[in-house]
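Next come the chains, spelled out residue by residue.
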4 protein chains.
Amino acid sequence: MTDLAIGMIGTKFMGRAHANAWTQATRFFDPPITPVLHTVAGRDAAATDAFAARWGWQHATTDVAALVRDPAIGLVDICTPNDVHAEAAIGALEAGTHVACEKPLADTLAHAAEMTAAAQRAAARGVRTFVWFSYRRVPAIALARALVRSGRLGAIRHVRAVYLSQWGIGADDVWRFDAAVAGSGALGDIAAHIVDAVQFVTGEQITRIAGSLMRTYVPSHTVDDAVLFLAELDGGATASFEATRFATGHHNAHGFEIHGEHGALSFRFDQMGRLAYHDATAERAVRGWTTIEVCDGDAGHPWVGAWWPPGHPIGYEHTFTHQAADILDALGGRPDDALVAPMPDFAEALQVQAVLEAVSTATTRRAAVDVAEITESCVADS
Amino acid sequence: MTDLAIGMIGTKFMGRAHANAWTQATRFFDPPITPVLHTVAGRDAAATDAFAARWGWQHATTDVAALVRDPAIGLVDICTPNDVHAEAAIGALEAGTHVACEKPLADTLAHAAEMTAAAQRAAARGVRTFVWFSYRRVPAIALARALVRSGRLGAIRHVRAVYLSQWGIGADDVWRFDAAVAGSGALGDIAAHIVDAVQFVTGEQITRIAGSLMRTYVPSHTVDDAVLFLAELDGGATASFEATRFATGHHNAHGFEIHGEHGALSFRFDQMGRLAYHDATAERAVRGWTTIEVCDGDAGHPWVGAWWPPGHPIGYEHTFTHQAADILDALGGRPDDALVAPMPDFAEALQVQAVLEAVSTATTRRAAVDVAEITESCVADS
Amino acid sequence: MTDLAIGMIGTKFMGRAHANAWTQATRFFDPPITPVLHTVAGRDAAATDAFAARWGWQHATTDVAALVRDPAIGLVDICTPNDVHAEAAIGALEAGTHVACEKPLADTLAHAAEMTAAAQRAAARGVRTFVWFSYRRVPAIALARALVRSGRLGAIRHVRAVYLSQWGIGADDVWRFDAAVAGSGALGDIAAHIVDAVQFVTGEQITRIAGSLMRTYVPSHTVDDAVLFLAELDGGATASFEATRFATGHHNAHGFEIHGEHGALSFRFDQMGRLAYHDATAERAVRGWTTIEVCDGDAGHPWVGAWWPPGHPIGYEHTFTHQAADILDALGGRPDDALVAPMPDFAEALQVQAVLEAVSTATTRRAAVDVAEITESCVADS
Amino acid sequence: MTDLAIGMIGTKFMGRAHANAWTQATRFFDPPITPVLHTVAGRDAAATDAFAARWGWQHATTDVAALVRDPAIGLVDICTPNDVHAEAAIGALEAGTHVACEKPLADTLAHAAEMTAAAQRAAARGVRTFVWFSYRRVPAIALARALVRSGRLGAIRHVRAVYLSQWGIGADDVWRFDAAVAGSGALGDIAAHIVDAVQFVTGEQITRIAGSLMRTYVPSHTVDDAVLFLAELDGGATASFEATRFATGHHNAHGFEIHGEHGALSFRFDQMGRLAYHDATAERAVRGWTTIEVCDGDAGHPWVGAWWPPGHPIGYEHTFTHQAADILDALGGRPDDALVAPMPDFAEALQVQAVLEAVSTATTRRAAVDVAEITESCVADS
């Protein structure tokens, strides 16, 4: 059993989620590589020390640059605000260290492109990149993807995805409202999740933004508080997206509905253990929407068998544990096809970021924008 | 096309529901016999006249006895408080007139037995009896029965049925709270419905009351406000029942859950257009509860095809229209087996009343009671 | 009590719904004017005769032109395919007869504008027009409007509206798929309903179409099978709309979610008796979404008190009965403000049609379109 | 900071849940005492060693008797089949060691009484006992209790509780089906949970079993597969209970509905993050059932603030972590009143076991049984 020394940057919400994931991964899964909580970095020395003590990190530091290039570190895990991603990731990649980075990939498309270029260079040396689109590892979402891939839905005609939250209402000023740090608001923070989820589940890519709307409700915010857009998928389906931090009444209600020729699916994260499936080929008298409790390892529901017997719900942080375990599997040599869900790398996250940039552009132009236009400009730039 | 002259007694809640049913039956269905709104009887002459004018009754009267024996009347429809049922029904039956009676059949088991005896005598002359257990004609309930009969559930293991309402809370004094008029409270008024529904859907009969509890919350009430009991079905299943007029938060939430070897069903009237079905033989990965919108005539869902295209809900009063149309079909010679749902007659309603009597007896004795004991005593008495 | 002779054109789905509404209006409501089922017109003489007999119409005809100008008729009720609306409505208005017309107002915006001009001329003679946006009279939708108007939601930030049906899948060819008869597909047939509902509930108007997508899935269809668009409301909110006849799994699932500063609302027609309300000013520990069963006349829920006690659901056709009763009230002199819901006239329906035209234009241009541009062109043309 | 050495017996389902709880308690909470994973005991030496390695236990043993009396151990945590509870617990208590025991307290009422007597003796020496009724620490259940205690429901009239699972169907033979090991079946295993939950949430005790039914569906089972009973609470309410391992379609659907004078509550574990609350004192027009997502630490929802921001669900095992943290708090001197939920000790678990015994007795007698009769006999015996 090989060890992998983790160097993690960030000790807040995501830092806690990742620390927990690296810890739990070996308790509930059997990865071929054992993560070692080597060093954690944060801005405040005392807080970082306390964090390290609580979670069992061997070292604590405020020197991110040193951590990134520390030869003892096998994987740098980036849980910081978006404007720090590029420098940390590129530094680590140049040092030949694997990188797992929070989403969105970067504050700007240009940074994301630079990071992806660095990832491509490092790949030649066997260095891997991962992006924490952790919602892919909600069992119900991975099951949705499997059902689509099995052909149960046939050609997809309609997708609608929402990320409805209300935490922007009355929130104190945080970095996520500051364009200089976050790059964008609802767009990069939460629309990114549903763009990835839709492409992940359908296996199709967004090719055109047909129209969009953005809103900023609080004068001090320099980013979008809400964004809506219509899109076309490369299989011909229509897709609508709405991501907002001002949806009064919803804490974290993201999800999707997908209608195909032969069936349909519906998911919402505030009932994360459930997937609704409509089988349009079922006997008509008993046809309807079937609520699947995705909690049954013996039924082949992904990941859940590692936790508890059927009917014992898992929660939010488990998705990070799934991804941590899968990263360790991937680094241990398991081919991506053998994973329950493919693991997004920097290139895939860059494509998501190009879609988001197309949304911004469509908003400014008040007209439709082809994603290819953005992708080409981004390749041209980098 | 034959005409059938209806003589209806009662102009309140049930009177309106029945008048509407006789009117709508020929608009949306094609019964072989046409009902004619011949005479309506009520206690208050002016109110009865107004009712007759509004609904198109040819005659209005306050003389119930005359109506009952009027040779011009082909069917007497009884929508009165329970203490009037026996006299009206027996009078009509002796006059050779068909009778359709509201549930419960009577205020007391003895009266119910007398009515049933009269019905048996009249049957020899071709006279029919019907009881308005109208919830049998909720399409979702009839579909539930069809699914059980088709064998999809296998042997039934568990049934739980509730009738949860809150209208007893703060209600002004009405006849339904008076033992002298109603006979019983929640027991005859609403438990009767779920006893009939459970026996109708499962095709099994209640054989034993294993235990019971009754409560009266308002001192001026001389009947039970709530009743709970456990029962055994003749197929071996357990069944629990709760009927209450004091379930804060529920207007009219009656329904059932049934678990069999191979599947399960769940229904609640506050979502009357839906039936939830669990197929335990389905592929395990996508197994769950399927919500069937029972609104699709082309799928064979009973009655709904006569109304509107799929997806256009029907309401409460439609169940009476279904029963009116089915009574007309039955009188026109259609065999009971050909009806979507069998039509309860006095004998069947007497059996329900014996079950309710067994519940009362079990409450008094604080011990289990076999329904057969009640049935035998009742036969002995009559 | 005055009588009003109804002349109705059309005997299919809408003809049945309207005939039922005129019949039931006086049974359950007490309008100041009594509708008389005077004449019904249809294309097939035998079918029209049978329809008249079933529903109690005094006369049946195939001569629509004669009906429209028959001086014995007080109100012409138009339930035909869209391409017939203009000629019938303008004829009746010129004859000084009130008109109630099904939606959408016409097959084309030009026809809708001509009808509205005729309505304005006739208004000088006291002639009224009505449009059957009957979903306004779903009690839950009218309650939603009342809650918004009371200020409970504060400024509205987000609206999303869908009309998800599947009846287009595998449907035989009908006039609704033919552009020459229908004018448009999902746009005029079902998007019209949710455009009206959103404007009705919010009290705000759509000012700009920010982007749109249309799809036709069946080659023989000459209209849109699905349409999506993003819009801005004049109060500043974002709104998204999706209307499709190809949403596998949904019979008739139209509805909306509305998020305001202080609360939110959610409605879907497949649970037409319910409205979900989030009160963001409630005590935080018990804050959530409250499911209101809109079935309680004593609570002030609109219309339902006329039917049955709380907890006894009404259905689809009841909304037409509500509108029929309200039309009779309006003609009896009750001011529009006194109605539970304002009654849409031709001018209001023309505005909806202009919004739909803006959606078509935005689709063609692949760019945003101001509704004012369409409205002005339409005034210029007429 | 004091350390507390844990000695845990059992390495299966509950062993994993408890090991996780002791580990996570200090990561997400700040207890005044730090648990040390000192020794784990199991029957199979190799499996126990592997378990210890995976979870970080310092020692592994197969010698339960030695563990129980090891002076280095501060708390013995019992996660074994029921027939082992008494010997281990009494041994530890006699050694002056705190005990945390899985439910039900014992295989028989006599054993439970002996354990409680031992606990009372040890209490004089400052030794504490705890029972893992961990569902008390589902945030929604604790919130339900707080709402009842605040008086929002007024006097309670009706309670219905179910524990619906299907794992008995087709399950391989395990100790839970063997009377010699488990003592009882559904009764002690799952009915125990809902008896405790109902008494915990209402603050009332069950005084009488009014009737009961038990079923064993599989011939090889020597315990009950299902049990139903009706009960009276000491505040006057009716209560119904059903616990079954043969409820086709339900993995782990336990919960309750409670109706009081002024409000009502509804909870089901398959949506463990939600509590439905009906406030019967709310303005009537908007009255209904409010679904509270119990995920908001800032709202005072218990425990959840220690985990993640609002809207990020926790899962099954978190309830054990809550109890572990609360045990550490209790041992650190925090008075029980200061805990969000009181901590059940052996005496409280004995009362639950007496209720279960009364159910068995009522089943045998086919008659009502007062719980006091059982309690007195049990005191007499011990």
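Residues numbered from 1 in each chain as written. Chains lettered and ligands numbered in written order. Predicted model: local features only at pLDDT ≥ 70, side-chain atom pairs only at ≥ 80, totals over all residues.

Asks: Please explain the pairing of strand 8 (residues 206-215) of chain C as it appears in this structure.
Replies: Looking down a regular strand, the side chains alternate between one sheet face and the other. All names here are of chain C. With seven of 10 residues buried, strand 8 is to be regarded as a mostly interior element. Where strand 8 and strand 9 (residues 226-233) come together, eight bridges link them in antiparallel fashion. In the strand pairing of strand 9, Ile 206 is matched with Leu 233. (Buried ≥ 20, exposed ≤ 12 C-beta atoms within 10 Å, placed from the backbone. Helix = DSSP H or I, 4+ residues; strand = E, 2+ residues; numbered from the N terminus. Pairing = 2+ DSSP bridges.)

Asks: I'm lost on the relation of the copies chain B and chain C in this one. Help?
Replies: Think of it as a corkscrew move, a rotation about one axis and a shift along it, taking one chain copy to the other. For these two chains of identical sequence, chain B goes onto chain C by a turn of 180° and a shift of 0.0 Å along the axis, with RMSD 0.0 Å. In the structure described here, the two chain copies are related by an operation that fits a two-fold rotation axis. Measuring from the rotation axis to each C-alpha of chain B, the shortest distance belongs to Gly 315 of chain B, at 2.3 Å. (Least-squares fit on C-alpha atoms with pLDDT ≥ 70 in both.)

Asks: I would appreciate a short explanation of the interface of chain B and chain C in the present structure.
Replies: How big an interface is tends to be stated in terms of the accessible area lost upon association of its parts. Every contact between the two is made by 25 residues of chain B and, on the other side, 23 residues of chain C. When residues of the side of chain B that touches chain C are traced back to their parent elements, those giving at least two are helix 1 (13-28) and helix 2 (45-55) of chain B. No other element matches the three residues that helix 1 of chain B contributes to the side of chain B that touches chain C. Residue classes in the side of chain B that touches chain C are distributed as 11 nonpolar, nine polar and five charged. (Contact = placed C-beta atoms within 7 Å. Nonpolar A, V, L, I, M, F, W, Y, C, P; charged D, E, K, R; others polar.)

Asks: How should I be thinking about the packing of helix 1 (residues 13-28) of chain C against helix 9 (residues 318-331) of chain C in this particular structure?
Replies: For any two helices packed against each other, one specifies the inter-axial angle together with the distance between the axes. Residues and elements named next belong to chain C. Between helix 1 and helix 9, the shortest axis-to-axis distance is 8 Å and the interhelical angle comes to 65°. The angle between helix 1 and helix 9 places the two elements in the roughly perpendicular class. In the crossing of helix 1 with helix 9, the sense of the turn from one axis to the other is right-handed. Of the residues in helix 9, those in contact with Ala 17, His 18, Asn 20, Ala 21, Trp 22, Gln 24, Ala 25 and Phe 28 of helix 1 are Phe 320, Thr 321, Gln 323, Ala 324, Ala 325 and Leu 328. A class-by-class count of the residues in the contact of helix 1 with helix 9 yields nine nonpolar, five polar and no charged. (Axes fitted to C-alpha atoms, helices over the stretch in contact; angles between N-to-C directions. Parallel < 35°, antiparallel > 145°, perpendicular 65-115°, else oblique. Left-handed = near helix turned anticlockwise from the far one by under 90°.)

Asks: Teacher, can you tell me more about the sheet that holds strand 1 (residues 2-9) of chain B here?
Replies: Pairing between sheet strands relies on hydrogen bonds along the backbone, with the strands arranged either parallel or antiparallel. Residues and elements named next belong to chain B. Spatially, six strands are ordered 3-2-1-4-5-6 in an open sheet, and the strand pairing comes out parallel. Of all the strands in the sheet, just strand 3 (59-61) and strand 6 (129-131) have a single pairing partner and so form its edges. Neighbour to neighbour, the strand axes of the sheet diverge by 25° on average, direction disregarded. One ladder, built from three bridges, connects strand 5 (residues 98-101) with strand 6; its direction is parallel. Within strand 6, the residue paired with Ala 100 across the bridge is Phe 130. Here helix 2 sits on the sheet and contacts strand 2 (33-41) and strand 3; the angle it forms with strand 2, its principal contact strand, is near 160°.

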